[in-house]
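# Tertiary structure, described
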Amino acid sequence: MESDFNQTIKKRNMNDVKKIESESGSVIPPDLKGNLKPWSSVFVEIRYIYDVSNKSIPMMFFPEIEETIKNQIFSIRPDLKF
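Reading the values: the criteria
- Residues numbered from 1 in each chain as written.
- Predicted model: local features only at pLDDT ≥ 70, side-chain atom pairs only at ≥ 80, totals over all residues.
- Heavy atoms only, no water.
- Phe/Tyr/Trp six-rings, centres within 6.5 Å; stacked < 30°, edge-to-face > 60°.
- Helix = DSSP H or I, 4+ residues; strand = E, 2+ residues; numbered from the N terminus.
- Buried < 20%, exposed > 50% of the residue type's maximum accessible area, 1.4 Å probe, protein only.
- Patch = residues over 30% accessible without salt bridge, like charges linked within 9 Å, V, L, I, M, F, W, Y side chains within 5 Å.
- Areas by Shrake-Rupley, 256 points an atom, 1.4 Å probe, with all protein chains shown as cover.
- Salt bridge = Lys/Arg side-chain N within 4 Å of Asp/Glu carboxyl O.

## Some points on the packing of aromatic side chains
By the definition in use, this model includes two aromatic pairs. Arranged with centres 6.3 Å apart and planes meeting at 80°, the rings of Phe5 and Phe61 form a pair that is edge-to-face. You can see Phe5 sitting in helix α1 (residues 2-11) and its partner Phe61 sitting in the loop between α4 (42-47) and α5 (62-76), a full 56 residues away along the chain. Side by side, Phe5 and Phe61 carry an identical accessibility label, which is buried. Plain terms: the ring middles of Trp39 and Phe62 are 5.2 Å apart, the flat faces sit at 50° to each other, and that makes the pair tilted. Of this pair, Trp39 sits in helix α3 (residues 32-40) while Phe62 sits in helix α5, and the two are 23 residues apart along the sequence.

Right, here's the structure in full:
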């Protein structure tokens, strides 16, 4: 899965990522594991969005993560592909 994600990211225009990193001063991880960690707590983060926090949460690459996971599922279970 990680190599599939890396291939997907290589095809992506990263101008928006560079701009966000520059403006926020944060680093957005370019790897699958580094991106899954912030996404794994998305509902908790949204639930407490009213709490003021000085931390930045890099949540990027959702379409690329989605494509990677779907490819993995379909490689195991091609019958689920519609």
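From this point, the discussion proceeds with the structure in view.
## Examining the side chain of Ser26
Positionally, Ser26 belongs in the loop between α2 (15-24) and α3. Ser26 gets classed as buried once you look at its relative accessible area, which sits at 14%.

## A closer look at a nonpolar patch on the surface
Taken together, the side chains of Met1, Leu36, Ile69, Ile73 and Leu80 present a nonpolar region at the surface, about 380 Å² in accessible area. On the secondary structure map, Met1 appears in the segment before α1. Overall, Met1 belongs to the partly exposed group, its relative accessible area being 40%.

Fair warning: the whole summary comes from geometry, so function is off the table for now.
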